[in-house]
Amino acid sequence: MPLRSAQWYGGQDRNAYIHRAWMRRGAPADAFTGRPQIAIANTASDLTPCNAHLDEVARSVRDGVHEAGGIPLDLPVVSLGETNVRPTAMLWRNMAAMATEEMLRANPLDGVVLLGGCDKTIPSLLMAAASVDLPAVVVPGGPMLTGTFRGTPLGCGTDVWRLSEEVRAGTLSQEQFTRSESSMIRSRGHCNTMGTASTMALVAEALGTVVPGVAGTPAPDSRLLEAAHGTGRLAVELVSDDRRPSTFLTKGSFHNAIVALAAIGGSTNAVVHLLAIAGRLGVELTLDDFDRIGSRVPVLVDLQPAGRFLMEDFHRAGGLLAVLREVADLLDPRALTVTGRPLVDHLDDAPIWDPEVIRTRARPLVEEGGIAVLRGSLAPDGALIKPAAASPHLLRHRGRAVVFDSIEDFHARVDDPDLDVDADSVLVLRGCGPKGYPGMPEVANMPLPTKLLEQGVRDMVRVCDGRMSGTAYGTVVLHVAPEAAAGGPLALVRTGDVISLDVEARRIDLEVPAAELAARTPSRATVEGFADPRRGWQRLYVDHVQQADKGADLDFLVGSSGSQVTRESH
Ligand code: FES
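Residues numbered from 1 in each chain as written. Predicted model: local features only at pLDDT ≥ 70, side-chain atom pairs only at ≥ 80, totals over all residues. Heavy atoms only, no water.

- An unreviewed UniProt entry annotates the protein chain as Dihydroxy-acid dehydratase originating from Streptomyces griseorubiginosus.
- On record in UniProt, under Sequence similarities (unreviewed entry), the comment for the protein chain is "Belongs to the IlvD/Edd family." (UniProt positions renumbered as here; feature names shortened; annotations may be inferred.)

This is how it looks when you write it as structure tokens:
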């Protein structure tokens, strides 16, 4: 089959001349005849510090592509730094995916190596690759090494929450808190807890889009460069075999990703990302699949935020393949990977080297992990909770709602000494869904009122239509759908209403008679809390974003347009 890039470079006419001449720049003539043109879609950026090292990784990919007879081409793409980008990186995930998709399609490319790391970068790259459907393979940038503060390992992200709550509770001085800042990020790489970045790298591998055994390799580890080199070679093979995402990513691939997500105790953010990627591929994945497939899977990985260790320990202990080997019977044996072989074929030589970090099936960290999908009068289209990160005594709970209309309202009132709240209250935060904020920020794990922290309260039931950082923990019901701004009943809750949570029964209910609820309308303050952008991407986003249970992709980006370009301009 002729290469796709031959549509630009093939032939002797004026157009082919223009395409070749401008790209020539010292390249030999055979660079444009029969040699796969491989983009290296690179999310390196100084403003995405977790990905800043990817230029070095890209050089190793280049070497591998060249060695296998391909032509490597740097393609800088939109990069999203989780801690910097406002109002929330999630607002830009779909924009990054759309821009990458269009640039892959618009250029003379035959395949692509995707370099990501920080939370939204691997999801946006995979969404793009799925929609353009060119041969594609991911190299995850890898986690940072473990930093320490006063002799104690620091979990990037998770310990920020813990330390800041200690300051608010008066058990850590402000000066000590500030001093810990320089210890938090020890090296290049993304967050080292089982947060969203680590989760998405591992889930991308379980999905089949990373060379098995590579995800989780620490960013400074020279084996990452070796893997990048090998992946560059593989990208050329993918083109000759025409191994595109649509040829090997199936419902079984997502089944394996969900098993992995549960076994590693991964971030709830993976749910919206996997739903969005599946939507691009036309794979019918639903919210309920996460509960059905994942909720009985044991959590085997003892990593923060649910456990003790960090990603450097995880890699030393055997990494994802060691985890998957323990749950191999739960995997779909037919689901293929980018290597052309099934995922399960890569598990034969995958021992656990440290059974404290990666538990055996016989000694799980949590018997039944995964993510529970709740429904009820407060979340007709579903909501999530991560039981492994919650307090067991709160998994069944009734309490009076204390309602906040926006994150600003929350900050203004949460520490008011007169706020009528106690340990049994249920904190409700709305206006934080995909449309309402916009962009569905990670605010669902609301900090507890200081007066309760001082009483020793460390967890409460919290309910929100936003997301939660993968590095956070607590009894948090999140991704409530429909969100308040899309007409969900969350908009109608009043302070003092009783909310009941029953995770075992998978219920989240507002104990208000249906007739009374039907007669209510959202208050003016509630509606004024919803975003109403006037122009640009934010307007487009609010008009077209789908709800969390659909992956929060834009409605017109669902599906694939393939790689065909039907018009040329010269
Ligand atoms: Fe980039 Fe955590 S901030 S991975």
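### A few points about the environment of tyrosine 541
Here comes step 1: With respect to the secondary-structure elements, tyrosine 541 resides in helix 20 (residues 536-544).
Here comes step 2: Spatially, the C-alpha atoms of tyrosine 541 and glycine 439 are 8.2 Å apart, while their sequence positions differ by 102 residues.
Here comes step 3: Ignoring any residue separated from it by four or fewer positions in sequence, one finds tyrosine 541 in contact with Met90, Leu91, Asn94, Pro434, Pro438, Gly439 and Leu554. (Helix = DSSP H or I, 4+ residues; strand = E, 2+ residues; numbered from the N terminus. Contact = heavy atoms within 4.5 Å.)

### Comments concerning helix 8 (residues 196-207)
Here comes step 1: Here helix 8 spans 15 Å end to end across twelve residues, near enough to the 16 Å set by a 1.5 Å rise per residue.
Here comes step 2: The buried fraction of helix 8 is high, at twelve of twelve residues.
Here comes step 3: Among all positions of helix 8, only Thr196, Ala197, Ser198, Thr199, Met200, Ala201, Leu202, Val203, Ala204, Glu205, Ala206 and Leu207 are buried.
Here comes step 4: The secondary structure elements touched by the buried residues of helix 8 are helix 5 (121-132), strand 4 (136-140), helix 11 (251-263), helix 12 (269-281), helix 14 (311-316) and helix 15 (319-326). (Expected span 1.5 Å × (residues − 1). Buried < 20%, exposed > 50% of the residue type's maximum accessible area, 1.4 Å probe, protein only.)

### Considerations on the UniProt feature "domain: Dihydroxy-acid/6-phosphogluconate dehydratase C-terminal" (unreviewed entry) in the protein chain
Here comes step 1: Here, the residues flagged by UniProt with the feature "domain: Dihydroxy-acid/6-phosphogluconate dehydratase C-terminal" (unreviewed entry) are residues 356-552.
Here comes step 2: Here residues 356-552 runs as 16% helix and 22% strand, with 37 Å between its end C-alpha atoms.

### A closer look at the pairing of strand 3 (residues 111-116)
Here comes step 1: The element strand 3 is extensively covered by neighbouring structure, given that six of its six residues are classed as buried.
Here comes step 2: Here strand 3 shows no split at all, with Gly111, Val113 and Leu115 on one side and Val112, Leu114 and Gly116 on the other all buried.
Here comes step 3: Two elements, strand 1 (residues 37-42) and strand 3, share five bridges in a ladder whose sense is parallel. Among the inter-strand pairings, alanine 41 is bridged to a residue of strand 3, identified as leucine 114.
Here comes step 4: Across five bridges, the pairing between strand 3 and strand 4 is parallel. (Pairing = 2+ DSSP bridges.)

### What to know about the pattern of salt bridges
Here comes step 1: As enumerated under the stated definition, the model contains 44 salt bridges in all.
Here comes step 2: The closest approach of N and O atoms between arginine 520 and aspartate 497, which form a salt bridge, is 2.8 Å. Placement of the pair is arginine 520 in the loop between helix 18 (514-519) and helix 19 (524-528) and aspartate 497 in the loop between strand 12 (476-481) and strand 13 (498-502), with a sequence separation of 23 residues.
Here comes step 3: Through salt bridges that share partners, Glu101, Glu102, Arg105, Arg280 and Asp553 make up one connected network. (Salt bridge = Lys/Arg side-chain N within 4 Å of Asp/Glu carboxyl O.)

### Considering unusual backbone geometry
Here comes step 1: With an omega dihedral of 0°, the bond running from arginine 86 to proline 87 counts as a cis peptide bond.
Here comes step 2: For proline 87, the position within the fold is in the loop between strand 2 (71-76) and helix 4 (90-106).
Here comes step 3: Even without a glycine there, the phi angle at methionine 440 is positive, about 60°.
Here comes step 4: Turning to its location among the elements, methionine 440 is positioned in the loop between strand 10 (426-429) and helix 17 (450-453).
Here comes step 5: Phi at alanine 552 is positive, roughly 55°, even though this residue is not glycine.
Here comes step 6: Mapped onto the elements of the fold, alanine 552 is located in the segment after helix 20.

### Comments concerning the packing of helix 11 against helix 13 (residues 287-294)
Here comes step 1: The contact between helix 11 and helix 13 brings their axes to 9 Å, and the two run at 60°. For helix 11 against helix 13, the interelement crossing comes out right-handed. For the pair helix 11 and helix 13, the contacting residues are Lys251, His255, Ile258, Val259, Leu261 and Ala262 in the first and Asp289, Phe290, Arg292, Ile293 and Gly294 in the second.
Here comes step 2: Across the contact of helix 11 with helix 13, the residue classes break down as six nonpolar, two polar and three charged. (Axes fitted to C-alpha atoms, helices over the stretch in contact; angles between N-to-C directions. Left-handed = near helix turned anticlockwise from the far one by under 90°. Nonpolar A, V, L, I, M, F, W, Y, C, P; charged D, E, K, R; others polar.)

### Here we look at the packing of aromatic side chains
Here comes step 1: Applying the stated criterion across every chain yields a total of three aromatic pairs.
Here comes step 2: Judged by centre distance (4.8 Å) and plane angle (55°), the rings of tyrosine 9 and phenylalanine 32 are tilted. Of the two residues, tyrosine 9 is situated in helix 1 (residues 6-9) and phenylalanine 32 in the loop between helix 2 (14-24) and strand 1; the sequence distance between them amounts to 23 residues. Each of the two residues, tyrosine 9 as well as phenylalanine 32, counts as buried. (Phe/Tyr/Trp six-rings, centres within 6.5 Å; stacked < 30°, edge-to-face > 60°.)

### Some details on the pairing of strand 12
Here comes step 1: Of all six residues in strand 12, six are buried, a share of seventy percent or more.
Here comes step 2: Note: strand 8 (residues 379-385) against strand 12, two bridges, orientation antiparallel. Paired with leucine 384 across the bridge in strand 12 is leucine 478.

### Describing the side chain of serine 124
Here comes step 1: Among the secondary structure elements, serine 124 is positioned in helix 5.
Here comes step 2: In this structure serine 124 touches Arg93, Ala96 and Ala97, once residues within four positions along its chain are discounted.

### Comments concerning the nonpolar core
Here comes step 1: Core analysis: the biggest nonpolar cluster contains 128 residues, and Leu114, Leu115, Phe254, Phe314 and Leu429 have the highest contact counts within it.
Here comes step 2: In contact with phenylalanine 314, not counting residues within four places along its chain, are Leu202, Val301, Leu303, Gly319, Leu320, Val323, Val357 and Ile358.
Here comes step 3: In this structure, Ala379, Val426, Val428 and Leu517 belong to the second largest nonpolar core, which totals 28 residues. (Core = buried A, V, L, I, M, F, W, Y, C linked by side-chain atoms within 4.5 Å.)

### Regarding the packing of helix 3 (residues 54-67) against helix 9 (residues 222-241)
Here comes step 1: Interaxial distance between helix 3 and helix 9 falls to 7 Å at its minimum, and their mutual angle equals 40°. As judged from the angle between their axes, helix 3 and helix 9 are oblique. Note on packing geometry: the crossing formed by helix 3 with helix 9 is right-handed. Counted together, Glu56, Val57, Ser60, Val61, Asp63, Gly64, Val65 and Glu67 of helix 3 and Leu224, Leu225, Ala228, His229, Gly232, Arg233 and Val236 of helix 9 form the full contact between these two elements.
Here comes step 2: A class-by-class count of the residues in the contact of helix 3 with helix 9 yields seven nonpolar, four polar and four charged. (Parallel < 35°, antiparallel > 145°, perpendicular 65-115°, else oblique.)

### Brief notes about the side chain of arginine 462
Here comes step 1: Structurally, arginine 462 can be placed in strand 11 (residues 461-464).
Here comes step 2: Here arginine 462 falls in the buried class, since its relative accessible area comes to 5%.
Here comes step 3: A distance of 3.2 Å separates a polar atom in the side chain of arginine 462 from the backbone oxygen of methionine 460.
Here comes step 4: If we skip the residues at most four places from it in the chain, arginine 462 touches Leu427, Ala444, Asn445, Met446, Leu448, Tyr473, Gly474, Thr475, Val476 and Val477. (Polar contact = N/O pair within 3.5 Å; in protein donor to acceptor, adjacent residues only side chain to side chain.)

### Here's the deal with the sheet that holds strand 2
Here comes step 1: Within the open sheet, the four strands sit side by side as 2-1-3-4. Their pairing is parallel. Of all strands in the sheet, those with a lone pairing partner are strand 2 and strand 4, marking the two edges. The mean angle between the axes of side-by-side strands here comes to 20°, regardless of whether they run parallel or antiparallel.
Here comes step 2: Here strand 1 runs beside strand 2; their pairing, made up of six bridges, is parallel. Across the sheet, the residue bridging to isoleucine 38 is proline 72, located in strand 2.
Here comes step 3: Sheet strands in contact with helix 9 are strand 1, strand 3 and strand 4, and its direction is about 175° off that of strand 4.

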